[in-house]
Amino acid sequence: QVQLVERGGGLVPSGGSLRLSCAASGSIFSINAMGWFRLAPGKQRELVAGITSGDRTNYAESVKGRFTISRDNTMNTVYLQMNNLKPEDTAVYYCNADIRKMGSGYYDDYWGQGTQVTVSS
């Protein structure tokens, strides 16, 4: 069984910062890409940031220059540092990872349970 557990959400004022973390655990052989998505009320889910196993990153235009994604492969963990937060960043943030389990010959898509980020104006 593989599990992704997110931490770090909360309520912050506009201009504040938060750091999200997502740790993968279980019978893991390797992890390919990891990323963060968000879902806001009345909106479609969007990719916030992604990072490959080789540390190449990509960001949504709306968060470039404010958010930074990173990963610690020794801990099977991905982070999202969010600075200068805006009310429009309010959403449930979900961690996603492409994971190959022990004994498996292919990668599967896994999701965390989501963590609420609320930015007050």
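Residues numbered from 1 in each chain as written. Predicted model: local features only at pLDDT ≥ 70, side-chain atom pairs only at ≥ 80, totals over all residues. Heavy atoms only, no water.

Peer 1: Let's hear about the overall build of the protein: which residues, and what values?
Peer 2: Each helix and strand counted, the protein has zero helices and 11 strands in total. Helices (α) and strands (β) of the protein occur, in sequence order from the N terminus, as β-β-β-β-β-β-β-β-β-β-β. Relative to its length of 121 residues, the protein is compact, with a C-alpha radius of gyration of 14 Å against a globular reference of 14 Å. For the C-alpha atoms alone, the extent of the protein along its principal axes is close to 50 × 25 × 25 Å. Residue burial in the protein is summarised as follows: out of 121 residues, 40% are buried. (Helix = DSSP H or I, 4+ residues; strand = E, 2+ residues; numbered from the N terminus. Rg over C-alpha atoms; globule rule 2.2 N^0.38 Å. Buried < 20%, exposed > 50% of the residue type's maximum accessible area, 1.4 Å probe, protein only.)

Peer 1: Residues and numbers for the side chain of Asp-89, please.
Peer 2: Examined against the element boundaries, Asp-89 turns out to sit in the loop between strand E8 (77-82) and strand E9 (91-101). Given the relative accessible area of 1%, Asp-89 is considered buried. Once you skip the residues sitting within four places of it in the chain, Asp-89 turns out to touch Arg-38, Val-63, Arg-66, Phe-67, Val-117 and Val-119. (Contact = heavy atoms within 4.5 Å.)

Peer 1: Lay out the pairing of strand E4 (residues 28-39) with the relevant residues and their values.
Peer 2: Of the strand pairs in this sheet, E4 and E9 are connected by nine bridges, and their pairing is antiparallel. Bridged to Ser-30 within E9 is Arg-100. Two elements, E4 and strand E5 (residues 46-51), share five bridges in a ladder whose sense is antiparallel. Opposite Arg-38, over in E5, you have Glu-46 as the bridge partner. (Pairing = 2+ DSSP bridges.)

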